[in-house]
Amino acid sequence: MRPHVELIDETDLIWHLAEFQNATGTAEQRNLSYDEEDGSASLKVRFTSDWSRPAGVHHAETEWFVLRGRVTIGDTELGPEGFWMAPIGVRTPAITVTAGTEILLFRERGDWGFDLADADREFVRPDQKLVIMDSAAMPWIDVKDGSPMRFDLGGTPVPGLYIKMLHRDEKTGFYTRLIKAKPGWREEPLAHHPCSEEAYCLDGGFDYNYGKMWPGTYFWRPKGIRHGDFTADAERGCSWIVRSDADLVDWYTDNAKIVMTGDATNWGPDFPHSMSPRFIEPVRSRSIGAWPDPTYQ
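Here's a quick rundown of the structure. (Residues numbered from 1 in each chain as written. Predicted model: local features only at pLDDT ≥ 70, side-chain atom pairs only at ≥ 80, totals over all residues. Heavy atoms only, no water.)

**With respect to empty space enclosed by the protein**
Worth spelling out the cut-off: Both cavities and pockets are sets of points on a 1 Å grid over the protein atoms alone; in a cavity a 1.4 Å probe fits but cannot get out, in a pocket the set is open with protein on both sides within 12 Å along at least five of seven lines, and lining residues sit with an atom within 4 Å of a point. Grid points are joined across faces, edges and corners, and a volume is the space filled by probe spheres set on the points. Secondary structure elements are taken from DSSP: a helix is a run of H or I of four residues or more, a strand is a run of E of two residues or more, and numbering for both begins at the N terminus. In this classification, the charged set is Asp, Glu, Lys and Arg, the nonpolar set is Ala, Val, Leu, Ile, Met, Phe, Trp, Tyr, Cys and Pro, and all remaining amino acids, among them Gly, are polar.
Following the criterion strictly, the structure yields two cavities of 30 Å³ or more and no others. The space that makes up the largest cavity amounts to roughly 410 Å³. If you list the elements that add at least two residues to the lining of the largest cavity, you get strand E16 (161–168), strand E17 (175–181), strand E19 (197–204), strand E20 (206–208), strand E22 (217–221), strand E23 (227–232) and strand E24 (238–244). A total of three residues in the lining of the largest cavity trace back to one element, the largest contributor, which is E17. Space inside the second largest cavity adds up to approximately 120 Å³. The wall of the second largest cavity is formed by 17 residues, among which Glu19, Phe20, Leu105, Arg107 and Trp112 lie closest to the centre. Elements with a minimum of two residues in the lining of the second largest cavity: strand E4 (41–47), strand E7 (61–68) and strand E12 (102–108). Of the residues contributing to the lining of the second largest cavity, the split by class is eight nonpolar, five polar and four charged.

**Some words on the sheet that holds strand E21 (residues 211–213)**
Stated formally: Should DSSP find at least two bridges between two strands, the strands are regarded as paired. Here the axes come from fitting lines to C-alpha atoms, over the contacting stretch only for helices, and the angles between their N-to-C directions go from 0 to 180 degrees.
Ordered in space as E21-E20-E23-E18-E25, the five strands form an open sheet in which the pairing is antiparallel. The open sheet terminates on both sides in strands that have one partner only, identified here as E21 and strand E25 (251–253). Along the sheet, successive strands turn relative to each other by an average axial angle of 40°, direction set aside. Relative to E23, strand E18 (residues 186–192) runs antiparallel, the two sharing four bridges. Considered in E23, the bridge of Arg186 is made with Thr231.

**Focus: the environment of Arg68**
Note the following rule: Contacts are assigned to residue pairs that have any heavy atoms within 4.5 Å of one another. In protein, a polar contact requires one atom able to donate a hydrogen and another able to accept it; more generally it is a pair of N or O atoms within 3.5 Å, and residues adjacent in sequence count only if both atoms are side-chain atoms.
With respect to the helices and strands, the residue Arg68 is situated in strand E7. Spatially, the C-alpha atom of Arg68 lies 9.6 Å from that of Arg46, the residues being 22 residues apart in sequence. Excluding residues that lie within four positions of it along the chain, Arg68 makes contacts with Pro80, Gly100, Thr101 and Glu102. Looking at Arg68, its side chain comes within polar contact range of the side chain of Glu102, at 2.3 Å.

**A few points about the packing of aromatic side chains**
The criterion, for reference: Only the six-membered ring of Trp is used, alongside the rings of Phe and Tyr, when aromatic pairs are assigned; centres must lie within 6.5 Å, and planes under 30 degrees apart are stacked while those over 60 apart are edge-to-face, with the rest tilted. When accessible area is computed with a 1.4 Å probe and restricted to protein chains, residues below 20% of their type maximum are described as buried, those above 50% as exposed, and intermediate ones as partly exposed. Note on criteria: charge over ring means Lys NZ or Arg CZ within 6 Å of the ring centre, with the direction from the centre no more than 35 degrees off the ring normal.
Per the counting criterion, the structure on display carries 15 aromatic pairs. Between the aromatic rings of Tyr208 and Phe230, the centroid separation amounts to 6.0 Å while the plane-to-plane angle is 35°, which identifies the pairing as tilted. Of this pair, Tyr208 sits in strand E20 while Phe230 is found in strand E23, placing the two residues 22 residues apart along the sequence. Here Tyr208 matches Phe230 in class, with each residue buried. Connected via pairs of aromatic rings, a cluster forms that spans Trp185, Phe206, Tyr208, Tyr210, Phe219, Phe230, Trp240 and Trp291. The lysine or arginine in question, Arg53, covers the ring of Phe114, its NZ or CZ lying 3.7 Å from the ring centre. Against the face of Phe219 rests Arg221, its NZ or CZ located 4.1 Å from the ring centre.

**Observations concerning the nonpolar core**
Quick note on the threshold: As used in this record, nonpolar core signifies buried Ala, Val, Leu, Ile, Met, Phe, Trp, Tyr and Cys residues forming a set joined through side-chain atoms within 4.5 Å.
In terms of nonpolar packing, the biggest core is built from 21 residues, with Trp185, Phe206, Tyr208, Met213 and Trp240 touching the most fellow members. When contributions to this core are tallied by element, the ones reaching two or more residues are E16, E17, E19, E20, E23 and E24. For this core, the element with the most residues is E24, which contributes three residues. Residues within four places of Trp185 in sequence aside, it is in contact with Val158, Pro159, Gly160, Leu161, Phe206, Phe230, Thr231 and Ala232. Formed by 19 residues, the second largest nonpolar core is a distinct cluster that contains Tyr34, Phe47, Trp51 and Ile73.

**Overview of the layout of surface pockets**
By volume, the largest pocket is sized at about 390 Å³. Surrounding the largest pocket, 27 residues form its lining, Phe65, Glu81, Leu202, Asp203 and Ser239 being those nearest its centre. Put simply, the parts of the chain that give the lining of the largest pocket at least two residues each are E7, E17, E19 and E24. Among the residues forming the lining of the largest pocket, the class breakdown is 14 nonpolar, three polar and 10 charged. Within this model, the second largest pocket holds a volume of roughly 220 Å³. When grouped by side-chain class, the residues that make up the lining of the second largest pocket number two nonpolar, three polar and eight charged.

**Some remarks on the side chain of Thr101**
Structurally, Thr101 can be placed in the loop between strand E11 (95–97) and E12. Of the polar contacts made by the side chain of Thr101, one reaches the backbone nitrogen of Arg70; its length is 3.0 Å. Setting aside anything within four residues of it in sequence, one finds Thr101 in contact with Val45, Arg46, Phe47, Arg68, Gly69, Arg70 and Val71.

**Some thoughts on the state of the cysteines**
How we decide: Counting rule for disulfides: a pair of cysteine sulfur atoms within 2.5 Å.
Summed over the entire model, instances satisfying the criterion amount to zero disulfides. The structure places no disulfide on Cys195, whose sulfur is separated from the nearest cysteine sulfur, that of Cys238, by 19 Å. Cysteine Cys201 is unpaired, with the sulfur of Cys238 as its nearest cysteine sulfur at 3.7 Å.

Function cannot be read off these values alone, since they describe shape.
Structure follows, in structure tokens:
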């Protein structure tokens, strides 16, 4: 269970001691979203000293995306936009990180547990492998050609949206990608998906029904939640790292609105010291401010 988070600015969040086991060095984390039942989490991590950890296996499917600094995993050095992911039980080589490095760390279906190991666990599927890549060196692909979105089941690719695929699980369809919208890109109306979706804004800006995104803003949205009326910044466009737990389909709604109904008994105009009930809203942080129109969902 994760709460619906939309939107938060990560600079509003406090730093916690980072959740690493069998590591040498210091680091701290901001909790963007957190599943208190199984430990799944999306975290901003800052390494406050040089840091290292021997080879081993994670208790959760684990992904790192480098925002700044240097990470060396095995024989590969990753700078900004470097990415690696390890499924549960897949051996991760030794890692070293330079002080001041910042990453996004994603955990799925498990907590921060990490066991020293020299080989994969026996339950690992043949298709599950360690993924290491420099996404900065990858080309942007038009979303209609590079995305596993199920356009055959709904939705239409709007010109001006591009993708870099980082990882996709062959069994579940869970995938992580970078998305870039050209300046002024727009898509309407509201849409909902049969999968969860989360995103962290990397560059540019973005307006939609929940408010404004800028670098460092984040959401985690359960399946079935309507969202949309997207407009990318007129000068810079927008880019995000985006994750979904299954294949994504767009089902659209025109003139979307929710209505609160009921017969007031002791509140309303005839009760001057009363107040009206509020619409249900997702978690929002201080810098994001109030949702201008919570009926538009």
